[in-house]
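Observations on the model geometry
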Amino acid sequence: MRILGIETSCDETGIAIYDDGLGDSPEGILAHRLYSQIAVHADYGGVVPELASRDHVRKTIPLIKEVLADANLTPQDLDGVAYTAGPGLVGALLVGCSIGRSLAYGWELPAVPVHHMEGHLLAPMLEETPPSFPFLALLVSGGHTQLIKVSQIGAYELLGESLDDAAGEAFDKTAKLLNLGYPGGPALARCAEHGNPDRFTFPRPMTNRPGLDFSFSGLKTFALTTSQQNTLDEQTCADIARAFEDAVADTLAIKCKRALQQAELSTLVVAGGVSANKRLRSTLDAMGKELNVNVFYPRHDFCTDNGAMIAYARYQRLLAGEHDKLTIQVRPRWPLSELNIPQTV
Ligand code: KG4
Ligand code: ZN
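1. Some remarks on the pattern of salt bridges
A complete count under the given rule lists 20 salt bridges for this structure. A salt bridge links Arg-317 to Glu-322; the nearest nitrogen and oxygen atoms lie 2.9 Å apart. In terms of burial, Arg-317 and Glu-322 fall into one category: buried. One network of salt bridges, with partners in common, ties together Glu-118, Arg-314, Arg-317 and Glu-322.

2. Here's the deal with the coordination of the zinc ion (ligand 2)
Distances from the zinc ion (ligand 2) to its protein donors, His-116 (NE2), His-120 (NE2) and Asp-305 (OD), fall at 2.0 Å. Read from N- to C-terminus, the donor residues coordinating the zinc ion (ligand 2) fall into the pattern H-x3-H-x184-D. Of this pair, His-120 sits in helix H4 (residues 116-122) while Asp-305 sits in the loop between strand S10 (294-296) and helix H10 (308-319), placing them 185 residues apart in sequence. Each member of the pair, His-120 together with Asp-305, is buried.

3. Let's talk about the packing of helix H5 (residues 167-177) against helix H8 (residues 234-263)
Between H5 and H8, whose axes approach to 11 Å, the crossing angle comes to 175°. Considered as vectors, H5 and H8 are oriented roughly antiparallel to each other. Contacts from Ala-167, Ala-170, Phe-171 and Thr-174 of H5 reach H8 at Phe-244, Glu-245 and Val-248. A per-class count over the contact of H5 with H8 returns five nonpolar, one polar and one charged.

4. Digging into the environment of Thr-84
Residue placement: Thr-84 occurs in strand S4 (residues 80-86). The class of Thr-84 is buried, set by a relative accessible area of 0%. Considered as a pair, Thr-84 and Arg-314 are 230 residues apart in the sequence and their alpha carbons are 9.9 Å apart. In this structure, Thr-84 is in contact with Ile-6, Glu-7, Thr-8, Ser-9, Leu-93, Val-114, His-116 and Ile-310, ignoring residues within four places of it in sequence. A distance of 2.6 Å separates a polar atom in the side chain of Thr-84 from a polar atom in the side chain of Glu-7.

5. Examining the site of ligand 1
The environment of ligand 1 is made up of 17 residues, and the closest members are His-120, Gly-142, Asp-172, Gly-185 and Gly-273. Within the contact set of ligand 1, a nitrogen atom lies 3.0 Å away from a side-chain nitrogen or oxygen of Asn-277. Sorting the residues of the shell around ligand 1 by element identifies H4, H5 and helix H6 (184-192) as the ones contributing at least two each. It is H5 that contributes the most residues to the shell around ligand 1, three residues altogether. Taken together, the residues of the shell around ligand 1 sort by class into four nonpolar, 11 polar and two charged.

6. Regarding the sheet that holds strand S8 (residues 155-161)
The mixed open sheet is built from five strands, whose spatial order is S8-S7-S6-S9-S10. Looking at the sheet topology across the chains shown, the edges are occupied by S8 and S10. Between one strand axis and the next, the sheet turns by 25° as a mean value, whatever way the strands run. Contacting strand S6 (135-140), strand S7 (145-152), S8 and strand S9 (267-271), H8 runs over the sheet at an angle of about 155° to S6.

7. Here we look at unusual backbone geometry
Cis geometry is found at the peptide bond from Gly-86 to Pro-87, where omega equals -10°. Across the junction of Phe-133 and Pro-134, the peptide omega takes the value -5°, indicating a cis bond. Mapped onto the secondary structure, Pro-134 falls in the loop between H4 and S6. In the Ramachandran plot, Glu-108 falls in the positive-phi region, its phi being about 60° despite a non-glycine side chain. Looking at the element boundaries, Glu-108 is found in the loop between helix H3 (90-107) and strand S5 (111-115). Of note, Asn-292 is a non-glycine position whose phi angle comes to about 65°, a positive value. Along the polypeptide, Asn-292 turns up in the loop between helix H9 (278-291) and S10. A relative accessible area of 68% means that Asn-292 is categorised as exposed.

8. Here's the deal with the packing of aromatic side chains
On inspection of all chains with the given rule, the structure shows six aromatic pairs. Ring plane angle 90° and centroid distance 5.1 Å describe the contact between Phe-171 and Phe-244, whose orientation is recorded as edge-to-face. Taken together, the residues span a long stretch of sequence, with Phe-171 in helix H5 and Phe-244 in helix H8 at a distance of 73 residues. On the accessibility criterion, Phe-171 (4% relative accessible area) is buried. By relative accessible area, which is 0% here, Phe-244 ends up buried. Note on Phe-214 and Phe-216: the rings are 5.8 Å apart at their centroids and 15° apart in plane angle, and the pair reads as stacked. Chaining the aromatic ring pairs together yields one cluster made of Tyr-18, Tyr-312 and Tyr-315. Positioned above the aromatic ring of Tyr-35, the side-chain terminus of Lys-59 is 4.3 Å from the ring centre. Taking NZ or CZ as reference, Lys-255 lies 5.6 Å from the ring centre of Phe-214, over its face.

Conventions we followed
Residues numbered from 1 in each chain as written. Chains lettered and ligands numbered in written order. Predicted model: local features only at pLDDT ≥ 70, side-chain atom pairs only at ≥ 80, totals over all residues. Heavy atoms only, no water. Salt bridge = Lys/Arg side-chain N within 4 Å of Asp/Glu carboxyl O. Buried < 20%, exposed > 50% of the residue type's maximum accessible area, 1.4 Å probe, protein only. Donors = N, O, S within 2.8 Å, 3.2 Å for Na, K, Ca; no water. Helix = DSSP H or I, 4+ residues; strand = E, 2+ residues; numbered from the N terminus. Axes fitted to C-alpha atoms, helices over the stretch in contact; angles between N-to-C directions. Parallel < 35°, antiparallel > 145°, perpendicular 65-115°, else oblique. Contact = heavy atoms within 4.5 Å. Nonpolar A, V, L, I, M, F, W, Y, C, P; charged D, E, K, R; others polar. Polar contact = N/O pair within 3.5 Å; in protein donor to acceptor, adjacent residues only side chain to side chain. Near = heavy atom within 4 Å. Pairing = 2+ DSSP bridges. Phe/Tyr/Trp six-rings, centres within 6.5 Å; stacked < 30°, edge-to-face > 60°. Lys NZ or Arg CZ within 6 Å of the ring centre and 35° of its normal.

Okay, here's the thing in structure tokens:
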């Protein structure tokens, strides 16, 4: 079975083909392409939804053609089309939904909606050594920071989440106030590499009280105040970036440790754009070592948005017994817990 995955929920057009390996192709991603809209939004310092939608219109079909050519396939070789139906920017989602459904109609294939965060959640399973269920998932993206107990596909329990800014959003906003440009996360991480970790100490929000929720908006304010109290030269900027990054990484690690112990889990899966962050990875790896917990990440290309995770999530839900839905809908907001498949045991 081969599934074409289409991702257009925000500022990246991602297209990929997943093969289950039961035919004449090897199991895995046969081809994938990603077009990032960085250049489109850079002048505005953030994603402009209308421009994002228009750019997805321009790029989606050419990328689908390229991916089919890369995999040496024709539409007749496909068995289904999966597209991100939410959460995300509604105009951007509608582009992937409309193109995916129209192509599938023309090609006489099923077209199915996929939850963007379920895609992120399952992306580490595309690696050579995949995690096994049950596991704790830390989802850290531009729009979400969530701790989820994953018992199996379609059995998701939300244990904690951000009450304000998501981790990626906090990176982006802090980068903006330090004039590091867009996209903020990778820019701030690069700047932090030259920072002195001992100059500033930022708080680890909500870690001194019980619970698994997060709050990252205060860190951005802390960065602003620190930048106003000091001359914001290159070194100070790097020192603030480093202190901010350490605070986010430590806070996430403290809450992961608590969740792993409370839920009695020994596997941690980290996914979403911020999972590309090296400091976060080394902090979580150290925590995993201390607890004897195995930590899994997607490969770098599949941390941020991509079509591979969408094709793969659809395949996994199909295996778990989900049937096609006939409703055509995109959802800017969509709780992951609504995806739960009724368990038979
Ligand atoms: O998963 P993603 O591509 O899109 C959403 O679903 O939101 O995540 C994008 C977020 C952005 O906030 C971006 O700044 C952040 O991930 N990000 C990073 C890094 N790479 C991407 N944050 C910190 N360090 C990175 N290396
Ligand atoms: Zn994403």
